[in-house]
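# A look at the structure
So the chains spell out like this:
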Amino acid sequence: MVNNRGMGELPTGTITMLFSDIEGSTLLLHDLGDRYGEALSAQRALLRSAISNCGGQEMGTEGDSFFVVFESAANAVRCCVTAQRALAAHDWPGGIAVRVRMGLHSGEPVRHEDGYIGLDVHRAARIAATAHGGQVVLSEATRMLVGSRLPGETSLRDLGFHRLKDIESPERIYQLLAAGLPDQFPPLKSAGPPVPTVGVSAGVHGFASALTSFIGRSTELSEVAELLATYRLVTVTGPGGVGKTRLVAEVSRRVGDRFADGVWLAELGGVTDPDLVPGAVAAALGIQQGGGSAMEALVAVLTAHQVLLVLDNCEHLIDAVAALSATLLSAADDVRILATSRTPVGVPGETRYRLPPLDLLEPAQQGGTGMSAAVSLFADRARQADPHFTLTSKTAETVTRLVSRLDGIPLAIELAAARVEALGVGPLLERLDDQAGLLAGSDRLAPARHQSLAATVEWSYQLLSEEDQRVFRLVSVFPGPFTLGAAEDVAGPEAGRAVLRLVDRSLIVPPREGRDGRRRYLMLETLRAFGAGRLAETGEEHAAAAALTTFALNVAEQAAAGLERTDGELAAAQWLDAEDATMQQALGWALEHDSDAAPRLAIALAPWWLLRGRWATGYQMLAAAAERTAEASQQWCETHLWCGILTAGTTVPTSLRHLTAVRDAFAERTPAPVLARALAWRSGALANLGRMPEAATDGSKALTLSRELGDAAGEAYALYWLGTEAVYQLNNEEAVAWLRQAQQIDQTAIPGYIGRHCTIILARILGEIGETAEAEQYCSEVLAAARDAGALYDQGDGLLSMALLDVNAGRLTSARKHLREVIELFGRTRANVLLLNCLELCGEMCVAIERWRDAITVWAAEAATRRATWTEGQGETESMTQEAMESDPSRRRARQELGPAQVRAAEERGAAMTPAVAAEYVLMLVSDETKEPAAEPSLPHLSSRERELVTLVAKGRTNSQIAAQLTISIPAVRSSLDRILARTGSQRRADLTRLALQADLV
Ligand SMILES: Nc1ncnc2c1ncn2[C@@H]1O[C@H](COP(=O)(O)OP(=O)(O)OP(=O)(O)O)[C@@H](O)[C@H]1O
Ligand SMILES: [Mg+2]
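One structure accompanies this document, and this report is about it. From a predicted model like this one, the values you see are computed outputs, not experimental measurements. (Residues numbered from 1 in each chain as written. Chains lettered and ligands numbered in written order. Predicted model: local features only at pLDDT ≥ 70, side-chain atom pairs only at ≥ 80, totals over all residues. Heavy atoms only, no water.)

## Some remarks on the coordination of the magnesium ion (ligand 2)
By definition of the ideal shapes, a tetrahedral metal site with four donors has angles of 109.5 degrees and an octahedral site with six donors has angles of 90 or 180 degrees. Let me state the cut-off plainly: Ligating atoms shown are N, O and S within 2.8 Å of the metal, or 3.2 Å for Na, K and Ca, and water is not included, meaning a site may look less than complete. Secondary structure elements follow DSSP: runs of H or I of four or more residues count as helices, runs of E of two or more count as strands, with numbering from the N terminus. Between buried and exposed lies partly exposed: a residue is buried under 20% and exposed over 50% of the maximum accessible area for its type, with that area taken using a 1.4 Å probe on protein chains only.
Bound to the magnesium ion (ligand 2) on the protein side are T245 (OG1) and N313 (OD1), at distances that span 1.9 to 2.7 Å. Taken as a pair, T245 in helix α7 (residues 244-255) and N313 in the loop between β13 (307-312) and α10 (318-331) lie far apart in primary sequence, 68 residues in all. Residue T245 is classed as partly exposed on the basis of its relative accessible area of 35%. Classification of N313 as buried rests on a relative accessible area of 8%.

Structure follows, in structure tokens:
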């Protein structure tokens, strides 16, 4: 379809490509019938006029779609704005709106015959396809080219990183906002949700795009932004509904670019158990926890990154938040925290910002802006409730009294404004004044200065019908967003309608699409607390929590069935991601009150915990649930099986203990799939402990049994471990035979992760025995599948296999690229196994290019990491014995080439590396392709004191540790580091680690 229409010489070099088409053109054709041709011609004429005015060259048109190229990115943007304005203003046949989506991307596609080819052309088309009709999106490349040359009255909104179909790395996409054109659209139609990747993506993450306008607060915004420049923990405090959450969202957008690794929101309102705070923060940052605690994972990741962490709604978890903040702030010097809470967090170094209510000042006092912020807010929200609402001089006066009666509390103002259509402004004020009586003696929500909100909430609640009151109380049991279906499950079949009415009354936030594509409703914190208070008073609390648990169990069991099959995995996992808060809450309640539901829920959630790397916390929940089951019952066996699986990669003896318990429970019983599965994993645990003969026995029992029982998943588990064990014993042929059998199983009928594991090892062995093409084929299939499923560990494992294949085929550039990606995934999963494999391979690569010293250092770092990974007595089988190492030809050669003194120095250097430093070292080794190790250290001329400082940073010391060691003050450390950062052009501590490694300081 790409055909140059002969409009002159085509541009070369960097060009900007525009793809556009009509949204829903088939439907439009259907609706317009014969008049569709007319609409199509008008659409083309309008677009062509904009294109030619802005210097675009049309490359191809097909039906309703355009492909246009521009020499200037700014002109391409101008073209989109002009065209969208013209389309919006046009009088379409039948009064039907014709909505055109547009996407821009810049790159250097290759000129070919009379058009362009290359990946960038595809990328541009994919980017455009994510947009909705009327929306203009553009890529990072285009944004950078446009720079500050955006046309007047336009701006960009960062929509985050998105996966595009068939394109490997996620793309950051921006939406073009132009005055007078719609700017609210549903989430982009990308192949997956925005990718939360701390350390990979700067920008502001986790905040839903605001559905209503933000009003006033300019002073507060600058004040908080300024405090953040000085203090590491700023807590915005104030009564419920005063606008804390909304303010920090705006502050985050404003200060976003001060943080190299972005701003991240962790919403704690829905977290009820203080122990789960670190887990909730880690999940918000997209960090998987592996076998360690969530807190350890957070510290490990955050020490290397520069982020602003926003902890919203902390009041009910103040101690846990204080502990978390204290730990993070002392361990991670580049982290700052912005918290919202009704009371301060109470840790040293915190500064408190008391957020006042909205400005009530009379217009005159405001200096002629027209109206106070509180009045503007009321007017804006009233117009939403009633499009005919206008502020006349008469109503303005009443509104001014009304908002001051509400103390300028935004939530109270919103609740009142939602009633304007039904009541009118005057009666609204009277009704509110009536509430005074209600206030007497009632301090349900908050003390003195906050009673206006209590009264407003009470008043809004009293105005509801009895049925709506009931539903309002019951849905306050949801700790986070909920679907209409969920509301109906908890509050009865009519509850859906009631929820919609509550949205109209501003008591529930309008729905937003969750990660699973379902629309969910939300209650603001203050209102949820009010509802929960009422729930307790009416005695419905227990029944509501029980109903929530039944709902959660229902979702979790359906999702678990999905996770049992590869083709159901993605949807099921995303469903649970979106219901995370509800699941936590229900499981917590069930563990206390319902000994039947608790184990069922834990078992159903286990595969998701496995996939999302929540091994340690999942294990704790399962172990607690196991205690509530009758010994040796079916549920008892299943909880122990999952306990064994979740600890298989971290604490092998624990894993073995649980799996043995399952085996023993079946001593006198008819076998069932749970036994076959337990035997398979037990075989793996035994093999990892070096007990090979016993492993073989359990492995083959598991295989026979699962085949007899027709349990495909059990069979795959057994074959996986049999294959792995053959690899341990260096018997490639046998391993291939087992794993090929695993390939014969219908892959859709087994859990995705086990299918992927089998394929990854098979690919690795095939690569080793020279079946390269097949190996590569498997590898790329598995990688794509792991990416789709969001299975980070599997992705890392797949990339490692790719790197191995690359090395075998001599494709070193590609191997380096893959290793860099593995290290990035190591950063997010903290799965040391990934790092160990990288180090091993890196050593081989150094030998291949005769970098002997680096090879020895890397291997010593590997040994150190191995010691840090496996605690004594566990899983040592994977590491090479001293003897095996001496006989390894690469290692022997490296030692000979280097000579004993240098070998010793290199070994000492590697042995001193922590896993984080080792990871940076790998990155350094695989970062540049051609250069030999830098002859000159790339640190500029630093004094010896400064070098000492950099060395300590690279060793992972915090500012306070450095201050203690060098006997200087912490502020002195900070200012020296700032100077060094500036001189080396670095932004964060991790950059200094890299420089220190290059200069051989560590
Ligand atoms: N400056 C503002 N402009 C527009 N709307 C605002 C503003 N401040 C607050 N709001 C609205 O008022 C309501 C309450 O605000 P918010 O949720 O931020 O309060 P909060 O102080 O965080 O309350 P809580 O203590 O219950 O968490 C929200 O609907 C919010 O959108
Ligand atoms: Mg809040």
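## Describing the packing of aromatic side chains
Defined as follows: Any two of the Phe, Tyr and Trp rings considered here, Trp counted by its six-membered ring, make a pair once their centres fall within 6.5 Å; the pair's planes then place it as stacked at under 30 degrees, edge-to-face at over 60, or tilted in between. In this analysis the charged atom, NZ for Lys or CZ for Arg, is taken to sit over a ring once it is within 6 Å of the ring centre and within 35 degrees of the ring normal.
Per the counting criterion, the structure on display carries eleven aromatic pairs. Taking the centre distance of 4.4 Å and the plane angle of 10° together, the rings of F19 and F67 count as stacked. Of the two residues, F19 is situated in strand β1 (residues 15-22) and F67 in strand β3 (residues 65-70); the sequence distance between them amounts to 48 residues. Exposure remark for F19: the relative accessible area of 12% places this residue in the buried category. Three or more aromatic residues joined by ring pairs make a cluster, and in this case those are F478, F482, Y521 and F551. R518 extends its terminal NZ or CZ atom over the ring of W575, reaching a point 4.2 Å from the ring centre.

## A closer look at the site of ligand 1
In plain terms, the rule: Near, as used in this document, describes a residue that has one of its heavy atoms within 4 Å of the molecule or strand being considered. Side-chain atoms alone can form a polar contact between residues adjacent in sequence; in general such a contact is a pair of N or O atoms within 3.5 Å, and within protein one must be able to donate a hydrogen while the other accepts it. Side-chain classes follow a simple rule in which Ala, Val, Leu, Ile, Met, Phe, Trp, Tyr, Cys and Pro form the nonpolar group, Asp, Glu, Lys and Arg form the charged group, and the remainder, Gly included, forms the polar group.
For ligand 1, the set of nearby residues contains 22 residues, the closest of which are K244, T245, N313, E414 and T526. The backbone of G241 places a nitrogen or oxygen atom 2.8 Å from an oxygen atom of ligand 1. Those elements giving two or more residues to the shell around ligand 1 turn out to be α7, α11 (373-385), α13 (410-417) and α20 (525-538). The residue inventory of the shell around ligand 1, partitioned by class, reads eight nonpolar, seven polar and seven charged.

## Looking at the sheet that holds strand β10 (residues 204-205)
Filter applied, for reference: In short, DSSP must find at least two bridges between two strands for them to pair. In what follows, a contact means two residues having at least one pair of non-hydrogen atoms within 4.5 Å. For helices, the fitted axis covers only the stretch in contact; all axes are lines through C-alpha atoms, and the angles between them, taken along N-to-C directions, range from 0 to 180 degrees.
Pairing is parallel in the open sheet, where six strands are placed in the order β10-β12-β13-β14-β11-β15. In this open sheet, the two edge strands, each paired with only one partner strand, are β10 and β15 (350-354). Taken together, the two bridges between β10 and strand β12 (residues 263-267) define a ladder with parallel strand orientation. If you follow H205 over to β12, its bridge partner there is W264. Against the sheet, helix α8 (residues 277-284) contacts β12 and β13, and its axis sits at roughly 140° relative to β12.

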